[in-house]
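Examining the three-dimensional arrangement
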Amino acid sequence: MKLIGPFKQVVTLANLPLRGKLSDEQIEIIVDGGIVVDQNTIQKVGNFETLKAENPTIEIENIEGEQIVLPAFVDSHTHICFGGNRANDFAMRNAGKTYLEIAESGGGIWSSVQHTRNASEEELLKTLVERINFLIDLGITTIEVKSGYGLDVENELKMLRIIKKAQNETKATLVPTCLSAHLKPRDFEGSNSEYLNYIITEILPKVKEEELANRVDIFIEKSAFQPEESKEFLLKAKALGFEITVHADQFTPGSSRIAVEVGAKSADHLEATIDEDIEFLAKSDTVATALPGASLGLGEKFTPARKLLDAGAIVAIASDWNPGSAPMGNLITQASILATFQKLTTAEVLAGMTFRAAYALNLEDRGRLEAGKKADFVTFRTNNFQNVLYNQGSLKAELVYIDGNKK
Ligand code: NIG
Ligand code: FE
């Protein structure tokens, strides 16, 4: 057992509700605070001197200078296992080229599939771990990672096995998700429904057998999979015991409704969600995940996070880090920018990157600094926690704790 502190501010996020809008007055701040950690769990949070007086012999891990502490962040949506690079897509898009022109010149998701299939396992593992370390340095200690650039049995399993291997090389928690339904690969001979059926019969049983993932995702969109075939697929995946998450309403509305109807843990993107479906989402337990990194990467509008929160939805914010639409990877910068465009309170942004995102991953053991939670937290060298979002990502995390230990 040890007492870590003192911190100028301990921002606990305790007692904030899971859903709906939040005001900054609701944020609990313990001034000159400390955190008692036992093994990998938070035992108590409170005033540093009081905690010390309560247990005079406790080992103290001293925090130098003025620092504030927050629960470590959770990135609940990434595609950080990939080969190659799509800088040329980015440049072409900015030069006014269309989706089709980019695809025809060898870009798009298919190019990442080819690069990922051709990459060696060593190379994929190495670059994945590098990206994980980049996220940890930002203060993110729980990271969802999708497959979806393999798109056949061999290569989807290759990706998921690499994600599993990466878990042995990092103290961060990785949450793998099978996104074989990202796109029907060009070399699949058959219809969309036939490809979805192939995932159900050929890929998911092996994913289950090898315990590679317990979550399934699909990209429902005009250019990918259509609503009806997707719903059928998701119900089958659910019947196999998988949790569901959906790439929904990115360019065209309608699919967030399907996510809710199948009981998905989250519906992600939602840039094109119509008002009626915002209400539908808000009444459900499906987390609405904003992905500002994709809006910034594509130059498209942001997820209507303000409306979703006002309607009472559970809103998370994630990076969507991927080689195509969201190449940045800096969740703190992205969430800060989303806040300025969508008029989100600091409480709403911090909740969206911590316990609300954790809920989307079924990890309710983290995301708040309170007794019983996993001892993952991040400090910043400042005396005011508002500076974290105010600096839009340029105030770097100072210390990142995972299971009560500095990484
Ligand atoms: O979440 N929307 C679909 N999939 C990804 C993009 C992946 C890619 O372009 O490689 C996304 O934005
Ligand atoms: Fe995505």
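Under an unreviewed UniProt entry, the protein chain has the name Imidazolonepropionase and belongs to Chryseobacterium sediminis. The record held by UniProt for the protein chain lists under Pathway (unreviewed entry) the comment "Amino-acid degradation."

**Considerations on unusual backbone geometry**
Cis geometry marks the peptide bond from G5 to P6, where omega comes out at 0°. Although it is not a glycine, Q39 adopts a positive phi angle of roughly 55°. When you line up the elements, Q39 lands in the loop between β2 (29–38) and β3 (41–47). Take Q39: there are 9 C-beta atoms within 10 Å of it, and that puts it in the exposed class. A positive phi angle, close to 55°, is found at D320, a residue other than glycine. As for its placement among the helices and strands, D320 is situated in the loop between β13 (315–317) and α13 (331–342). Taking the number of C-beta atoms within 10 Å as the measure of exposure, D320 has 31 and is therefore buried.

**Side note on the site of ligand 1**
Surveying the vicinity of ligand 1 reveals 13 residues, the closest of which are I109, A294, N322, G324 and S325. When the residues that make up the shell around ligand 1 are grouped by side-chain class, the tally is five nonpolar, seven polar and one charged.

**Digging into the domain arrangement of the protein chain**
Each assigned domain of the protein chain is listed here: domain 1 (2–72 + 368–406) and domain 2 (73–360). With 26 residues of domain 1 at the interface, the matching set in domain 2 holds 31 residues. Broken down by secondary-structure element, the contributors of at least two residues to the side of domain 1 that touches domain 2 are β5 (68–71), α16 (386–390) and β15 (397–402). Class assignment for the residues of the side of domain 1 that touches domain 2 results in 14 nonpolar, six polar and six charged.

**Quick notes on the pairing of strand β8 (residues 173–181)**
A large share of β8 lies buried, amounting to nine of its nine residues. Looking at chain direction, β8 and strand β9 (residues 215–219) are connected through two bridges and run parallel. Paired with C178 across the two strands is V216, which belongs to β9. Where the polypeptide runs from β8 across helix α7 (residues 192–209) and back to β9, its parallel neighbour, the crossover connection is right-handed.

Conventions adopted
Residues numbered from 1 in each chain as written. Chains lettered and ligands numbered in written order. Predicted model: local features only at pLDDT ≥ 70, side-chain atom pairs only at ≥ 80, totals over all residues. UniProt positions renumbered as here; feature names shortened; annotations may be inferred. Helix = DSSP H or I, 4+ residues; strand = E, 2+ residues; numbered from the N terminus. Buried ≥ 20, exposed ≤ 12 C-beta atoms within 10 Å, placed from the backbone. Near = placed C-beta within 6 Å. Nonpolar A, V, L, I, M, F, W, Y, C, P; charged D, E, K, R; others polar. Domains from an automatic or database assignment. Contact = placed C-beta atoms within 7 Å. Pairing = 2+ DSSP bridges. Right-handed = clockwise from strand over helix to strand, strands pointing away.

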